[in-house]
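Tertiary structure, described
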Amino acid sequence: MADPSPPLWRQAFDAVERRVTPRAEEFVRTETFAVGAALTRRAVTLARDTARGATTRFWHLIDLPAGTDVSRLRAQVGALDREVRRLTLQLEAERRRTPEETDVDSAQPADGPRPRPARRRTQRPARP
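Residues numbered from 1 in each chain as written. Predicted model: local features only at pLDDT ≥ 70, side-chain atom pairs only at ≥ 80, totals over all residues. Heavy atoms only, no water.

On to the overall build of the chain, then. Of regular secondary structure, the chain possesses three helices and zero strands. Mapped in sequence order, the helices and strands of the chain form the string α-α-α. Counting across all 128 residues of the chain, residues that qualify as buried make up 8%. Working note: accessible area of the chain is about 12,200 Å², and carbon and sulfur atoms make up 59% of it. (Helix = DSSP H or I, 4+ residues; strand = E, 2+ residues; numbered from the N terminus. Buried < 20%, exposed > 50% of the residue type's maximum accessible area, 1.4 Å probe, protein only. Areas by Shrake-Rupley, 256 points an atom, 1.4 Å probe, with all protein chains shown as cover.)

Now the structure itself:
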């Protein structure tokens, strides 16, 4: 049985691709394209930074936190969580190193129950 010919849309696509691809590849290697791409990138970055600055000023004007404020606070909370976890592990290691005197009447140490290490939570990506 012979292979059926590709659908009409595929034949049209292949015909256009054969004619356009060599010219497009030639164009993207030119200095004009490189300069245009660099200028476009700069314009997009400038527009994004300008919009971000304006929205930040607006949110602060109405006394609400901007995205940058929230990102900074999330980083600080994450650092505090890591520090508490490190200190908790260090405290548990120190308690295991020093012999504890057990009280027959109490199952807990005199200073109360030991703190449990903080549970790791799923990190969500920062919103743009």
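Picking up after the structure, the text goes on.
In this structure the tally under the stated criterion is five salt bridges. Residue D69 pairs with R72 through a salt bridge whose shortest N-O separation is 3.6 Å. Of this pair, D69 and R72 both sit in helix 3 (residues 67-97), three residues apart, which is roughly one turn of the helix. We classify D69 as buried; its relative accessible area is 13%. Here E94 ties to R97 by a salt bridge, and the two come within 2.7 Å at their closest N and O atoms. Here R97 and E94 lie together in helix 3, a separation of three residues that amounts to about one turn. In this structure E94 comes out as partly exposed when scored by relative accessible area, which is 37%. On the basis of relative accessible area, R97 is assigned to the exposed category, the value being 59%. (Salt bridge = Lys/Arg side-chain N within 4 Å of Asp/Glu carboxyl O.)

Note on placement: T88 falls in helix 3. Among the residues examined, T88 registers a relative accessible area of 9% and is labelled buried. A polar side-chain atom of T88 sits 2.8 Å from the main-chain carbonyl oxygen of V84. (Polar contact = N/O pair within 3.5 Å; in protein donor to acceptor, adjacent residues only side chain to side chain.)

All right, on to the packing of aromatic side chains then. Going through the model one piece at a time under the given rule, you end up with two aromatic pairs. Summarising the aromatic geometry, the rings of F27 and F33 are spaced 5.5 Å apart at their centres and angled 75° between planes, so their arrangement reads as edge-to-face. (Phe/Tyr/Trp six-rings, centres within 6.5 Å; stacked < 30°, edge-to-face > 60°.)

This part takes up helix 2 (residues 31-61). The terminal C-alpha atoms of helix 2 lie 45 Å apart, and with 31 residues this matches the ideal 45 Å at 1.5 Å per residue to within 8%. With its phi angle positive at about 60°, D63 sits one or two positions after the end of helix 2. (Expected span 1.5 Å × (residues − 1).)

Taking 1.5 Å per residue, 31 residues should reach 45 Å; helix 3 reaches 45 Å between its end C-alpha atoms and fits that length. Within helix 3, the full set of buried residues consists of D69, G78, R85, T88, E92 and R95.

Purely geometric numbers; function is a separate question.
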